[in-house]
Amino acid sequence: ETELEASRDELEQGREAARAAVAELDDALETAQDSLRTTRAAMEAAAEEATAERAALQTNLTHALSRASSAEEAAAAGNALEEASRAAAAAAAASEELARA
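Residues numbered from 1 in each chain as written. Predicted model: local features only at pLDDT ≥ 70, side-chain atom pairs only at ≥ 80, totals over all residues. Heavy atoms only, no water.

## With respect to the overall build of the protein chain
Note the following rule: In this text, helices come from DSSP runs of H or I with a minimum length of four residues, and strands from runs of E with a minimum of two, each type numbered from the N-terminal end. Every radius of gyration here is taken over C-alpha atoms, with the globule rule written as 2.2 Å times N^0.38, N being the number of residues. Exposure categories follow from relative accessible area, calculated using a 1.4 Å probe and restricted to protein chains: below 20% of the type maximum is buried, above 50% is exposed, and the middle band is partly exposed. Any two residues whose heavy atoms approach within 4.5 Å at even a single point are treated as in contact. Working definition of accessibility: Shrake-Rupley area with a 1.4 Å probe, residue cover restricted to the visible protein chains.
Regarding its fold elements, the protein chain presents two helices and zero strands. Over its C-alpha trace the protein chain gives a radius of gyration of 29 Å, far above what one expects of a compact globule, namely 13 Å for 101 residues. C-alpha atoms of the protein chain, sized along the principal axes, occupy 100 × 15 × 10 Å. For the protein chain, with 101 residues in total, the buried portion stands at 13%. Across the protein chain, the fraction of contacts at a sequence separation of at least 24, relative to all contacts at a separation of at least 6, is 68%. For the protein chain, the exposed area adds up to about 7,700 Å²; of that, 55% sits on carbon and sulfur atoms.

Structure below.
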């Protein structure tokens, strides 16, 4: 009977340890999910900001193109517009990719 009681005590201790481990895992999961939500929100905000910056750059460069007085200035402004657009698109894509991570 003593062995049986000792076995029951060990079993109960094992159950308590398992419950504690599950509780710790639940807490860790909740913390990780909170962190992921925070990171995703930050990445989405960064992507929106990059998109807004891209639009502003395009608008500014389009105005510069319309004011350009020579073909050379227009070509340089067009190249700058393309470069700015590619850079902003790359930044937005990177932000979106990080948000999905």
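Don't stop here, the text continues.
## Quick word on the side chain of Ser85
Our working rule: Distance and chemistry together define a polar contact, namely a pair of N or O atoms within 3.5 Å, with one atom able to donate a hydrogen and the other to accept it when in protein, and with adjacent residues in sequence counting only for side-chain atoms on both sides.
Tracing the chain through its elements places Ser85 in helix H2 (residues 71-100). Among the polar contacts listed, one links the side chain of Ser85 to the side chain of Gln58, at a separation of 3.4 Å. Residues in contact with Ser85, not counting those within four places in the same chain, are Arg54 and Gln58.

## Observations concerning the pattern of salt bridges
As a reminder of what qualifies: By definition here, a salt bridge exists when the distance from a side-chain nitrogen of Lys or Arg to a carboxyl oxygen of Asp or Glu is within 4 Å.
Scanning all chains against the criterion turns up four salt bridges. Across the pair Arg19 and Glu12 runs a salt bridge whose closest N-O atoms are separated by 3.8 Å. Of the charged contacts, one joins Glu82 and Arg86 as a salt bridge, the two residues approaching to 3.9 Å between their closest N and O atoms. Here Arg86 and Glu82 lie together in helix H2, a separation of four residues that amounts to about one turn. A relative accessible area of 46% means that Glu82 is categorised as partly exposed.

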